[in-house]
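Structural overview for review
Residues per chain are reported as follows:
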Amino acid sequence: MISQRIKQIIDNENLSIRKFEEKISCTQGIITKCIRANTDISSKVISSIIRNFPQYSALWLLTGEGEMFVSNEIASDCKQTDNVEEENISRRLDDMEKREAQRDFLLNRIADTLDGINKILAHLPENPEKESGVKNNSSLCG
């Protein structure tokens, strides 16, 4: 999860969570909540982390893949990132959040459907042969 990689950055920078939140200009408590609940965080906060800590790989932060740090040359280039690149990152993060919301919606629909099936099954007789008077001839097939 991104929250664990954010915690790694905080630890590596030897910052308190509050100081980290100040440095990335986010609402007090957002990072604490993210880390404690082990949840993802908004794309705006992630963009701010990438902008304020260019020595950390954006790919690593977003996916956990690759190296944690970028080379010094790349880090200095990252500081000069223009708005188009930031918008692209923000757009991709927004797309990820939308896909996650769609997935959560579908999982909730599936859970509701399963609950409905379980309720139906709970009302079915335990031994349908006795209830219907139909004899099961499956033992004759073998």
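Residues numbered from 1 in each chain as written. Predicted model: local features only at pLDDT ≥ 70, side-chain atom pairs only at ≥ 80, totals over all residues. Heavy atoms only, no water.

This paragraph deals with the overall build of the protein chain. Secondary structure assignment for the protein chain yields 8 helices and 0 strands. Counting across all 142 residues of the protein chain, residues that qualify as buried make up 22%. Within the protein chain, residue pairs in contact and separated by at least 24 positions form 55% of the contacts whose partners lie at least 6 positions apart. In the form shown here, the protein chain has an accessible surface area of approximately 10500 Å², with 51% of it arising from carbon and sulfur atoms. (Helix = DSSP H or I, 4+ residues; strand = E, 2+ residues; numbered from the N terminus. Buried < 20%, exposed > 50% of the residue type's maximum accessible area, 1.4 Å probe, protein only. Contact = heavy atoms within 4.5 Å. Areas by Shrake-Rupley, 256 points an atom, 1.4 Å probe, with all protein chains shown as cover.)

Positive phi is not limited to glycine here, since asparagine 14 has a value of about 60°. You can see asparagine 14 is positioned in the loop between α1 (2–13) and α2 (17–23). Judged by relative accessible area, which is 71%, asparagine 14 ranks as exposed. Here the phi dihedral of serine 25 falls at roughly 55°; this positive angle occurs in a residue that is not glycine. Structurally, serine 25 is set in the loop between α2 and α3 (30–37).

The next point concerns the pattern of salt bridges. Scanning the entire structure with this criterion turns up 5 salt bridges. Linking aspartate 11 and lysine 7 is a salt bridge whose minimum nitrogen-to-oxygen distance equals 2.8 Å. Here aspartate 11 and its partner lysine 7 are both found in helix α1, 4 residues apart, which amounts to about one turn of the helix. Of the charged contacts in the structure, one is a salt bridge between glutamate 22 and lysine 19, with a shortest N-O distance of 3.9 Å. With glutamate 22 and lysine 19 both in helix α2, this residue pair falls 3 residues apart, about one helical turn. Note on glutamate 22: relative accessible area 41%, which makes it partly exposed. (Salt bridge = Lys/Arg side-chain N within 4 Å of Asp/Glu carboxyl O.)

Next up on the list: a nonpolar patch on the surface. Taken together, the side chains of Leu107, Ile110, Leu114, Ile117, Ile120, Leu121 and Leu124 define a hydrophobic patch exposed on the protein surface, amounting to about 670 Å² of accessible area. The topology assignment puts leucine 114 in helix α7 (residues 83–123). (Patch = residues over 30% accessible without salt bridge, like charges linked within 9 Å, V, L, I, M, F, W, Y side chains within 5 Å.)

In contact at an axis separation of 8 Å, α1 and α3 are set at 120° when each is read in the N-to-C sense. One way to sum up the angle between α1 and α3 is to call them oblique. In this structure, α1 crosses over α3, and the sense of that crossing is left-handed. When α1 is examined against α3, the residues Ser3, Gln4, Ile6, Lys7 and Ile10 are found in contact with a partner set consisting of Ile31, Cys34 and Ile35. Its residues placed into classes, the contact of α1 with α3 shows 5 nonpolar, 2 polar and 1 charged. (Axes fitted to C-alpha atoms, helices over the stretch in contact; angles between N-to-C directions. Parallel < 35°, antiparallel > 145°, perpendicular 65-115°, else oblique. Left-handed = near helix turned anticlockwise from the far one by under 90°. Nonpolar A, V, L, I, M, F, W, Y, C, P; charged D, E, K, R; others polar.)

So, about helix α4 (residues 43–52). Of all 10 residues making up α4, 7 are buried, and the element is well covered by its neighbours. Those residues of α4 that sit buried are Ser43, Val45, Ile46, Ser47, Ser48, Ile49 and Ile50.

This brings us to α1. Think of an α-helix as 3.6 residues a turn; residues three or four steps apart then line up on the same face. Helix length check: α1, at 12 residues, gives a terminal C-alpha distance of 17 Å against a target of 16 Å (1.5 Å per residue), a fit within 8%. The set of residues buried in α1 consists of Ile2, Ser3, Arg5, Ile6, Ile9 and Ile10. All buried residues of α1 project into a common sector of 165° when viewed along the axis, lining one side. Close packing links the buried residues of α1 with α2, α3, α4 and α5 (58–63). (Expected span 1.5 Å × (residues − 1). Arc of directions from axis to C-beta.)

Worth remembering: the numbers are spatial, not functional.
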